[in-house]
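Coordinates in review
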Amino acid sequence: MKKILPIFRILSAVVLAAVLTINGTGWTKTTEATTGGATTTVAPSESECPITAVCGPAPHIAPKVVNEHAGKKILFDNTHGETAGAADWVINGGFSDFAEGLAEDGFEIQELRKSGPITYDDLKDYDVFVIPEANIPFKQSEQQALLDYVDAGGSLFFIGDHYNADRNKNRWDASEIFNGYRRGAFDDPTKGMSDSEKSSAAMQGVTSSDWLAEHFGVRFRYNAIGDVTADRITAPEDAFGITEGVHAVAMHAGSTLAILDPAHAKGLVYLPENPPAWSNAVDQGVYDGGGTAEGPMVAIAKRGLGKAAFIGDSSPIEDDTPFYVREDTGQPKTTYDGFEEQDDAVLLIHLFDWLAEQEDYTSFADRGIPLDQPTALHDFEQPAQSVEPQPEPWAPPNPGYEWWNPATFAAGSYGSGKTLENPTYGFVHQDELPANGQIFKIRVTGDHWAPFAEVSNLRVGLYLPGGEQVGQFSQDGTSWPSAYGYSEPFAMTADASGHAETELYVRIKTGALGAANLRLKQGSNNLYTESVTIANVAPEPLPPGEGGETPEAIAVADARNLPEGSVVTVEGVATTRTGLWGGKGFYVQDGTGGIYVYQQNEDIEPGEKVKITGQTTEYNGEREISPVYRIEKSGRADLPAPLDVTPGGVAEANEGRLVRLNKVTVPMSGGRMFTGRPSSPRWARTDQ
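Treat the numbers as computed from the prediction; the structure is a model and nothing was measured. (Residues numbered from 1 in each chain as written. Predicted model: local features only at pLDDT ≥ 70, side-chain atom pairs only at ≥ 80, totals over all residues. Heavy atoms only, no water.)

Here we come to the overall build of the protein. Helix and strand counts for the protein stand at eight helices and 35 strands. Counting over 688 residues, the protein shows a buried share of 53%. Accessible surface for the protein amounts to roughly 28200 Å². Of this, 49% is attributable to carbon and sulfur atoms. (Helix = DSSP H or I, 4+ residues; strand = E, 2+ residues; numbered from the N terminus. Buried < 20%, exposed > 50% of the residue type's maximum accessible area, 1.4 Å probe, protein only. Areas by Shrake-Rupley, 256 points an atom, 1.4 Å probe, with all protein chains shown as cover.)

The structure is reproduced here in structure tokens:
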């Protein structure tokens, strides 16, 4: 089930009330923060909760069944920047489907939250420790704690990503953190850092070494593979049954591993030949043409009494339900439903069945399975000889954001210690409401909403202390109900600042005077109630509203060039139907360019004219609009003529646009090909 970001939640208990007199004019605006439908945790002070955004116990999931895994526990790390940038790799967010799947397999799931370094005592009571794409390097003491844990029978699961997936822009990505050294900075792990970064607690005790290779016989390669289906799977009988039922695993910008010690490390899942490089790769991206030579995407290792497993991409584990906002910008995150792709879930559950079983053999050499050949490496992959292909970080951090300092994190992000404000509701009206059927107006307001969020099924009523309804309401001032009571349902939509408002015409039953109550409801839930006075006064006009404007539509090309996180409105023609690339995403194009729109709500067909408001973001190197706040359809139009290009002409300049490659055959895995036809801008698949 889709979870909802905290900033979208409308909860049910009253937590704050305030009255504001505007400009001393006798007009009153009253607002009340509400919560509805969920239980909230009251945050302690920052000193009591230095690390969590919403304080309280770390998330925990009880096992759903009792089976052979009874009593076995899995711990997920959340102490090394696992929620940095667009990542949300936590068991109550972007990894929740995975965590629930493990619980359904009989495991107990727990998140690790703490502000200091990991110790052996943190890990010793758990069977598997998961490290989901760390973004803050491990201290030497933490590396030793991990080794002690494995030697005593614990297992580790390392979730990596492509090179330069540096989500908090601290120059370290997960592959480098797991390996134990930064590419091009083996002699100085703080190379290029400011004095504040170097002296931060996060960097104390961080040293360079070839740690993963020395202790587990594998190393994450610093390659960057694009979108590909890994379909070269080690046979189940040669993989301890882990790959049973696994025929393909999805990769969306990831890396592979090098097998360096075949007696202790083994590959399970490999890429096809000639996979594409990630579009933002800082070097060739693909090092050895894919296949076995590129190294496995998924591997396992044996050390001491424990085990380890490795995967070169977080995409197969993630789902589309992020929980936190970005720590650098405060904007909502977009994640994708990779856990349900291909056989990703099957592989991962089987992998944990193996990891959680403690076995005392220390090598694969005597297990009756064929050993891998060591992965051949290039000279530039040797730790001390590695170089930084491009200066890091890959982009400057947002002003005021310091990756090592949670005090600079945006409200609602993990670690900030600052919670988001709850949505509020209120009324604007004259001090005394006109009696005896005179028509006047009130304004219903909302604040602290998510940008462009819509709240529907709202109704307003006016009643006397005894409960008698004495108000009639109209949205246009001409159509009135025959009885007194609550208004017809209406909706309000917030602007870019999170403010919403609408106006209603009101007339009050003749003879009703004195104290009364004005109430706003959503369905049967009371959102806000205000005491008012009905008197023999004349109607007065409302003061000017506070509503902001939806951004005016701009050219797609201009939207593409704005900073990530900008709220934009674009208009164009949909060039694809929804759902071809996940969710209900589609491409839209105007006369200046095209862009991908990732959303989950509207069904769109090619040729539909659409107006879209949302945020600019970048995913896997492609500029897109997500989250989407509003989509408006306005008829149909001819599809734009595709650009005729050569394969070499497909570049960022025409990213998102409809193009046509004539008389081109693109080999695919499994003997299939895609053949471009001169008469059509689409691709036709042929089996050859």
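We are not done yet, so read on.
Its place among the elements puts Asn 654 in the loop between strand S31 (643-644) and strand S32 (659-660). Residue Asn 654 is classed as buried on the basis of its relative accessible area of 11%. Within the local environment of Asn 654, its side chain forms a polar contact with the backbone oxygen of Gly 649, the two atoms lying 2.8 Å apart. In this structure, Asn 654 is in contact with Leu 643, Val 645, Gly 649 and Val 659, ignoring residues within four places of it in sequence. (Polar contact = N/O pair within 3.5 Å; in protein donor to acceptor, adjacent residues only side chain to side chain. Contact = heavy atoms within 4.5 Å.)

Now for the pattern of salt bridges. The final tally for this structure, using the stated rule, is 29 salt bridges. For Glu 133, the salt bridge identified is with Arg 167, shortest N-O distance 2.6 Å. On the criterion of sequence distance, the pair formed by Glu 133 in the loop between strand S6 (128-132) and helix H3 (140-151) and Arg 167 in the loop between strand S7 (155-159) and helix H4 (174-179) is long-range, its members being 34 residues apart. Using a relative accessible area of 0% as the deciding quantity, one classes Glu 133 as buried. Between Glu 392 and Arg 182 there is a salt bridge, with the nearest N and O atoms lying 4.0 Å from each other. With Glu 392 in the loop between helix H7 (344-355) and strand S16 (424-430) and Arg 182 in the loop between H4 and helix H5 (195-199), this pair connects stretches of sequence that are 210 residues apart. Of the residues examined, Glu 392 reaches a relative accessible area of 13% and is grouped as buried. With relative accessibility at 1%, the residue Arg 182 sits in the buried group. (Salt bridge = Lys/Arg side-chain N within 4 Å of Asp/Glu carboxyl O.)

The next subject is the nonpolar core. In this structure, Ile 109, Phe 157 and Phe 352 are the most contacted members of the largest nonpolar core, which totals 48 residues. Among the elements that line this core, the one with the most residues is H7, at eight residues. Counting 39 residues, the second largest nonpolar core, distinct from the first, contains Tyr 126, Leu 146, Val 206 and Ala 308. (Core = buried A, V, L, I, M, F, W, Y, C linked by side-chain atoms within 4.5 Å.)

Attention now goes to the sheet that holds strand S24 (residues 525-535). Strand order in the open sheet formed by five strands is S17-S24-S23-S19-S21, with mixed pairing between adjacent strands. If you trace the sheet from one side to the other, it starts and ends with strand S17 (432-434) and strand S21 (490-493), each paired once. The mean angle between the axes of side-by-side strands here comes to 45 degrees, regardless of whether they run parallel or antiparallel. For strand S19 (residues 454-463) and S21, the ladder comprises three bridges, and the chain directions are antiparallel. (Pairing = 2+ DSSP bridges. Axes fitted to C-alpha atoms, helices over the stretch in contact; angles between N-to-C directions.)

Pairing analysis gives seven bridges linking strand S26 (residues 567-574) to strand S29 (residues 608-619), with the strands arranged antiparallel. Across the sheet, residue Gly 572 finds its bridge partner in S29, namely Val 610. With 10 bridges joining them, S29 and strand S30 (residues 622-636) adopt antiparallel strand pairing. Bridged to Gly 614 within S30 is Val 628.

Below, the discussion takes up the sheet that holds strand S14 (residues 298-303). The strand order across the open sheet built from nine strands is S3-S5-S4-S6-S7-S15-S14-S13-S10, with neighbouring strands paired in mixed fashion. With partners counted over all chains shown, the strands left at the sheet margins are strand S3 (60-61) and strand S10 (232-233), one partner each. Alignment of S3 against strand S5 (residues 108-112), held across two bridges, turns out to be antiparallel. Across the sheet, residue Ile 61 finds its bridge partner in S5, namely Ile 109.

So, about the environment of Leu 102. Locating Leu 102 in the fold gives a position in helix H1 (residues 96-104). What makes Leu 102 buried here is its relative accessible area of 0%. Once the C-alpha coordinates of Leu 102 and His 350 are considered, the two residues, 248 residues apart in sequence, prove to be 9.9 Å apart. If near-sequence neighbours (up to four positions away) are discounted, Leu 102 is found in contact with Ile 74, Phe 76, Phe 107, Ile 109, Ile 349 and Phe 352.

So, on to H1. All of the buried residues in H1 are Ser 96, Phe 98, Ala 99, Gly 101, Leu 102 and Ala 103. The inward-facing, buried residues of H1 contact S3, strand S4 (73-77), S5, S7 and H7. Trailing H1 by a residue or two, Gly 106 shows a phi angle of about 100 degrees, which is positive.

So, on to the confidence of the model for the protein. Mean pLDDT over the protein works out to 86, with 87% of the residues at or above the 70 mark. Confidence drops under pLDDT 50 across residues 1-55; counting only partners more than four residues distant or on other chains, this segment forms 133 contacts. (pLDDT = per-residue confidence, 0-100.)

For Arg 519, the location among the structural elements is in strand S23 (residues 514-522). Engagement of the side chain of Arg 519 in a polar contact is seen with the side chain of Tyr 463, the distance being 3.0 Å. Polar side-chain contacts of Arg 519 include one of 2.7 Å to the side chain of Thr 529.

Applying the stated criterion across every chain, the model contains 30 aromatic pairs. Between the aromatic rings of Phe 158 and Phe 216, the centroid separation amounts to 6.0 Å while the plane-to-plane angle is 70 degrees, which identifies the pairing as edge-to-face. Within this pair, whereas Phe 158 is found in strand S7, its partner Phe 216 is found in helix H6 (residues 211-216), the two being separated by 58 residues in sequence. In terms of burial, Phe 158 and Phe 216 fall into one category: buried. (Phe/Tyr/Trp six-rings, centres within 6.5 Å; stacked < 30°, edge-to-face > 60°.)

This part is about H3. Over its 12 residues, H3 runs 17 Å from end to end, which matches the ideal 16 Å to within 8%, given 1.5 Å per residue. Within H3, burial applies to Glu 142, Gln 143, Ala 145, Leu 146, Leu 147, Tyr 149 and Val 150. Looking one or two residues past H3, Gly 153 carries a phi angle of roughly 115 degrees, positive in sign. (Expected span 1.5 Å × (residues − 1).)

So, about the packing of H1 against H7. Interhelical geometry of H1 versus H7 gives an angle of 50 degrees and a closest axis separation of 10 Å. Regarding the angle of H1 to H7, the classification is oblique. In the crossing of H1 with H7, the sense of the turn from one axis to the other is right-handed. For the pair H1 and H7, contact is made by Phe 98, Gly 101 and Leu 102 and by Leu 348, Ile 349 and Phe 352, respectively. Split into classes, the residues belonging to the contact of H1 with H7 amount to five nonpolar, one polar and no charged. (Parallel < 35°, antiparallel > 145°, perpendicular 65-115°, else oblique. Left-handed = near helix turned anticlockwise from the far one by under 90°. Nonpolar A, V, L, I, M, F, W, Y, C, P; charged D, E, K, R; others polar.)

Another aspect to go through is the environment of Val 65. Inspection of the secondary structure assignment puts Val 65 in the loop between S3 and S4. For the pair Val 65 and Phe 107, spaced 42 residues apart in sequence, the C-alpha to C-alpha distance is 8.3 Å. What Val 65 contacts, discounting residues up to four positions off in sequence, is Ala 103, Glu 104, Asp 105 and Gly 106.

For the bond running from Glu 392 to Pro 393, omega is 0 degrees, close enough to zero to count as cis. Take Pro 393: it is sitting in the loop between H7 and S16. A positive phi is found at Asn 274, a non-glycine position, where the angle reads about 55 degrees. Mapped onto the fold, Asn 274 is located in the loop between strand S13 (265-270) and S14. Given the relative accessible area of 65%, Asn 274 is considered exposed. The phi torsion at Asn 457 lies on the positive side, around 60 degrees, for a residue other than glycine. Tracing the backbone shows Asn 457 in strand S19.

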